[in-house]
Amino acid sequence: MNRLSHWVSSYSRVIIGIVLVITVVFAYFAIKIDIKAGIKEMFPEQDQAVQTYDHVEALFGGIVYVVMMIEDDQILDQPTLTLVNELSCRFSQIVGVDGVTSLATIKNIRNDDFGIEITNFMENVPQNEAEILRLKEDLQASDNYLGSVISEDFKSTVILVKINTRDSQAESILAEMEEIAGSYQGTERYYITGPTVLASIATDYIKKDLTKLLPFIIGIIILILWLTFRSLRGVVLPLITVLISVIWTVGLLSMIGKSLSMISTVLPVLLVSVGSAYAIHFIARYYEELNHGFGVEQSLDNTIKHVGAAVIMAGGTTIAGFSSLITSPLRIIKEFGLATAFGVGVALIVAITFVPAVLLNLSPPRKLRLTENSWLNKLFRRISQMISKYRLVIIGLAVLLAVASIIIMPQLKPETNYISYFKQNSSPRVAMEQVDQRFGGAMSLELVIYGDIKNPDLLSRMEIFQQKVEELERVNQCISMVDIFKEENKALHNGDQTMKVIPTTENQIAQYLLLLTLSDEQFIRDYLTFDYGATKIQIKISNASSNQLKQTIGEVKMLVDQYFGENYDIELTGVPVLMSEMMNRVVTSQINSLILSVICAFILTSLFLKSVKYGLFCSLPICLTILLNFGIMGWTGIPLDFATSMIASIAVGIGVDYSIHIFSRYLEEKVEHEDSHQALITAICTVGQANLYNALAVVAGFSVILCSSFSPLVNFGGLTATTMIVSFFGAVLILPAVIIWALQIQQKNKNL
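Please read all numbers here as calculations on a predicted model, not as lab measurements.

(A) Summary view of the overall build of the chain. Counting its regular elements, the chain contains 23 helices and 12 strands. Reported as C-alpha extents along the three principal axes, the dimensions of the chain are approximately 105 × 55 × 45 Å. Buried positions account for 59% of the 752 residues belonging to the chain. Pairs at least 24 apart in sequence give 80% of the contacts found in the chain among residues at least 6 apart. Surface exposure of the chain reaches about 30800 Å², of which carbon and sulfur atoms provide 57%.

In structure tokens form, the structure reads like this:
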């Protein structure tokens, strides 16, 4: 610390200049940052689940649909059918759209003199009641479209827009669709949903959250800093520290080609909250030294020597906590952890170099806020006396809370369903629920079977498999070449329903394929590759919780093993599969990052304090905080998702800082006064105040996230704020109680 103090005093203006120049460079890149919220962006780029998803999409075109549900008192009237026809035509012309399925595009297989003819159910918009009645009868006679394209009460219909996410930006496609739909005005009501829609809405919400939350938290931090120091520099310097941290972090992400994700929304807010802590502790000690009568240079020198090590130690454990997220198998969590660790590192470096460099070039303030005669000092003295008197009660209550949390923890459940990101009664959630209720959902599993479709054995297995899958609770419909062959066979037998069966010989299948190809080759491309070597079964499923989706996928896989076994190569993908895979990885991420963060925090504190025992002391309050966090989640039903899975690691990284500052000051005072109890009282009364203001800043910052548009982030903000409160009281109450208890045991052993 002596070298750092000398270096800062010798090159203060150079330090200021370098920091400002770097900030300007990063600010240039920061304003260009992109935002992505798609589910594929949550996984590593070379992830097997994503590669399978992309491979199936390359074979069959887009496997993600934008679902527009149109609701009216009577769908089968001329104005509504005209609207459906025009929307379908215009949607199909959008770049990146692989196809449109609607009343205007669905196909009907009919018999003709040359074999079969594939035409649209609605070749032209019906012009009179007789034509509308004929269309209605055709739809009622079809098993494939009633309930999937038009509701059974004929009061709602859907337009399914298939999007190729590999070669296009889904957000721009959706924006163009909404612009087109908005140009029509009528009595119809619209609901737009689907995974792509939810991702696009999420992106918009992120942008709104950033513009809404960041100014709010900055205002709160300014208020807290003013109440803390009552001086302009006491407000401006911590604020500059965190703003530099945010600019450098966002600028670096943009510079290396990264984008902000759903969880990255909280990155600036988090850095503003957490990063201010280092400057607060530094300035608080600086004011304390000035209050003891030292000049500016001596006060800064004393501050760097005494607080510098504690700030570096606290920053190191925080960086370790966030860095532990690198073990996550989810890309958004891994990148968030690294970005936040970098931002905290910047805030730490700025606090111990830039801040003292600026203070060195300013005259001392006329008024000092933190003094030994403040009412807070008196409050903390009473707290220290209470701790000494009721130490065993405090430790006992902490143990009871830990035990209760352990008992409740098994109730904790993971949840990664995309729709859960949105609040109840929000428009995205209402749209998904409406489509789910009337059409059985907007998501599907895509099962690809590699084998010759002309093989009767394969076709027979597919038929039985589909029958069994449709019996599952959350499966609404299966569509494949089986259904097309059945319709074709019925058409070839003049509409005889009893002939709605699959062809049974290889020669017959080949003939049926030839007829389909000659009539409308594109008709079968959603379910069959050009070389007939791979075919797809689309399994439409209802919206459900992550555990329910996982159960359904597991049941489908069991049926796959039963009916295809080792005879055929199989790939199963789709958004539900990615959701289920993400749930597994969220749990893995939680376990890995938590273990690593606790170990790193313990090792770092032990190294910095040069004692395993001291490291254990500082770790005890944070262990209680983690247990209580999981207990609250289990008790309140807050799910473990991509956001809340990070809280434990964040709690370790940030929360242990309070204990480090208290314990470091205790050791410092113990060396000077050789009275352990008095040293502890001094530590609580001095550092306790800085810890309080630090905790207020962090809690206020995370509480702002309660205003987010996403339920997971709301839970994240509330839980993290709660863990910070627990961490603060753990450092101020539990840690001193444990120290006093340990001192008494040590004294008894000496007397023995």
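From this point, things continue past the structure.
(B) Quick peek at the sheet that holds strand β9 (residues 443-450). Strand order across the open sheet formed by four strands is β10-β11-β9-β12, with antiparallel pairing between neighbours. Both edges of this open sheet fall to β10 (475-479) and β12 (569-573), since each of them pairs with a single strand only. Geometrically, the sheet is characterised by an average inter-axis angle of 20° between neighbouring strands, direction not taken into account. Bridge count between β10 and strand β11 (residues 534-541): four bridges; the pairing is antiparallel. From the neighbouring strand, Gln-477 faces β11, where its bridge partner is Lys-540. This element, helix α3 (residues 48-60), spans β9, β11 and β12 of the sheet and lies at about 100° to β12. Seen against the sheet, helix α15 (residues 456-469) touches β9, β10 and β11 and runs at an angle of roughly 10° to β11.

(C) Broad picture of the side chain of Ser-254. Relative to the assigned elements, Ser-254 resides in helix α8 (residues 232-255). Side-chain polar atoms of Ser-254 contact the backbone oxygen of Phe-29, separated by 2.8 Å. Beyond its immediate stretch of four places on either side in the chain, Ser-254 contacts Phe-29, Lys-32 and Ile-33.

(D) A look at a nonpolar patch on the surface. A contiguous nonpolar surface patch, about 530 Å² in accessible area, is contributed by Val-587, Ile-591, Ile-595, Ile-599, Ile-603 and Leu-607. By the element assignment, Val-587 lies in helix α19 (residues 575-609). For Val-587, a relative accessible area of 31% gives the class partly exposed.

(E) The arrangement of unusual backbone geometry in detail. Unusually for a residue other than glycine, Phe-154 sits at a positive phi of about 60°. The residue Phe-154 is located in the loop between α5 (129-140) and β6 (156-163) in this model. Within the chain, Tyr-532 stands out as a residue other than glycine whose phi angle is a positive 65°. Tracing the sequence through the fold places Tyr-532 in the loop between α17 (506-520) and β11.

(F) Structural detail: the side chain of His-661. Examined against the element boundaries, His-661 turns out to sit in helix α21 (residues 647-673). Residue His-661 is classed as buried on the basis of its relative accessible area, which comes to 5%. Residues contacting His-661, with those up to four places away along its chain left out, are His-281, Ala-310, Val-311, Ala-314, Val-687 and Asn-691.

(G) Quick look at the packing of α15 against helix α16 (residues 481-492). Direction vectors running N to C along α15 and α16 enclose 105°, while the axes themselves pass 9 Å from each other. It follows that α15 is roughly perpendicular to α16 by the angle criterion. In this structure, α15 contributes Leu-459, Met-462, Glu-463 and Gln-466 to the contact, and α16 contributes Val-482, Asp-483, Phe-485 and Lys-486. Tallied by class, the residues present in the contact of α15 with α16 amount to four nonpolar, one polar and three charged.

(H) How the structure looks around the packing of aromatic side chains. According to the stated counting rule, one finds 13 aromatic pairs in the structure shown. Here Phe-121 and Tyr-145 contribute two aromatic rings whose centre-to-centre distance is 5.3 Å and whose plane-to-plane angle is 85°, an arrangement assigned as edge-to-face. Of the two residues, Phe-121 sits in the loop between β5 (115-120) and α5 while Tyr-145 sits in the loop between α5 and β6, which places them 24 residues apart along the sequence. Comparing Phe-121 with Tyr-145, the two get one shared label, buried. A connected cluster of aromatic rings, assembled from ring pairs, spans Tyr-614, Phe-617, Phe-663 and Tyr-666. A cation over an aromatic ring shows up here: Lys-136 above the ring of Phe-154, its NZ or CZ 4.9 Å from the ring centre.

(I) Structural context of the sheet that holds strand β3 (residues 97-101). One open sheet holds the four strands; their spatial order is β3-β6-β2-β7, and the pairing between them is antiparallel. The open sheet terminates on both sides in strands that have one partner only, identified here as β3 and β7 (189-193). Neighbouring strand axes in the sheet, compared pairwise and without regard to direction, differ in orientation by 20° on average. Lying on the sheet, helix α4 (residues 78-92) is in contact with β2 (64-71), β3, β6 and β7; it crosses β6 at an angle near 5°. Packed onto the sheet, helix α14 (residues 427-439) meets β2, β6 and β7 and runs at close to 100° relative to β7.

(J) Representation of the pattern of salt bridges. For the coordinates displayed, the defined rule picks out 19 salt bridges. Between Glu-335 and Lys-258 there is a salt bridge, and its shortest N-O distance comes to 3.1 Å. Of this pair, Glu-335 sits in helix α11 (residues 331-360) while Lys-258 sits in the loop between α8 and β8 (259-260), placing them 77 residues apart in sequence. Owing to a relative accessible area of 24%, Glu-335 belongs among the partly exposed residues under this scheme. Two residues, Glu-521 and Arg-525, come together in a salt bridge whose shortest N-O distance is 2.8 Å. Glu-521 sits in the partly exposed class, given a relative accessible area of 34%. Salt bridges here are not isolated pairs; linked through shared partners, they connect Glu-71, Asp-153, Arg-189 and Arg-438.

(K) Representation of α3 in the model. With 13 residues, α3 extends 18 Å between its outermost C-alpha atoms, agreeing within 8% with the 18 Å of an ideal straight helix rising 1.5 Å per residue. At its buried positions, α3 is contacted by β2, β6, β9, β11, β12 and α19. Of the residues that open α3, the one with a side-chain oxygen 2.9 Å from the backbone nitrogen of Ala-49 is Asp-47. A positive phi of about 80° marks Gly-61, the residue just after α3.

(L) Region of interest: the environment of Val-699. Looking at where Val-699 falls in the secondary structure, it is placed in helix α22 (residues 676-704). For the pair Val-699 and Ile-626, spaced 73 residues apart in the sequence, the C-alpha separation amounts to 16 Å.

(M) Up close: the environment of Lys-468. For Lys-468, the location among the structural elements is in helix α15. Assessed through its relative accessible area of 34%, Lys-468 is described here as partly exposed. Distance from Lys-468 to Leu-559, taken between C-alpha atoms, is 7.7 Å for residues 91 residues apart in sequence. Setting aside residues up to four positions removed in sequence, Lys-468 forms contacts with Leu-559 and Tyr-563.

What counts and how
- Residues numbered from 1 in each chain as written.
- Predicted model: local features only at pLDDT ≥ 70, side-chain atom pairs only at ≥ 80, totals over all residues.
- Heavy atoms only, no water.
- Helix = DSSP H or I, 4+ residues; strand = E, 2+ residues; numbered from the N terminus.
- Buried < 20%, exposed > 50% of the residue type's maximum accessible area, 1.4 Å probe, protein only.
- Contact = heavy atoms within 4.5 Å.
- Areas by Shrake-Rupley, 256 points an atom, 1.4 Å probe, with all protein chains shown as cover.
- Pairing = 2+ DSSP bridges.
- Axes fitted to C-alpha atoms, helices over the stretch in contact; angles between N-to-C directions.
- Polar contact = N/O pair within 3.5 Å; in protein donor to acceptor, adjacent residues only side chain to side chain.
- Patch = residues over 30% accessible without salt bridge, like charges linked within 9 Å, V, L, I, M, F, W, Y side chains within 5 Å.
- Salt bridge = Lys/Arg side-chain N within 4 Å of Asp/Glu carboxyl O.
- Parallel < 35°, antiparallel > 145°, perpendicular 65-115°, else oblique.
- Nonpolar A, V, L, I, M, F, W, Y, C, P; charged D, E, K, R; others polar.
- Phe/Tyr/Trp six-rings, centres within 6.5 Å; stacked < 30°, edge-to-face > 60°.
- Lys NZ or Arg CZ within 6 Å of the ring centre and 35° of its normal.
- Expected span 1.5 Å × (residues − 1).

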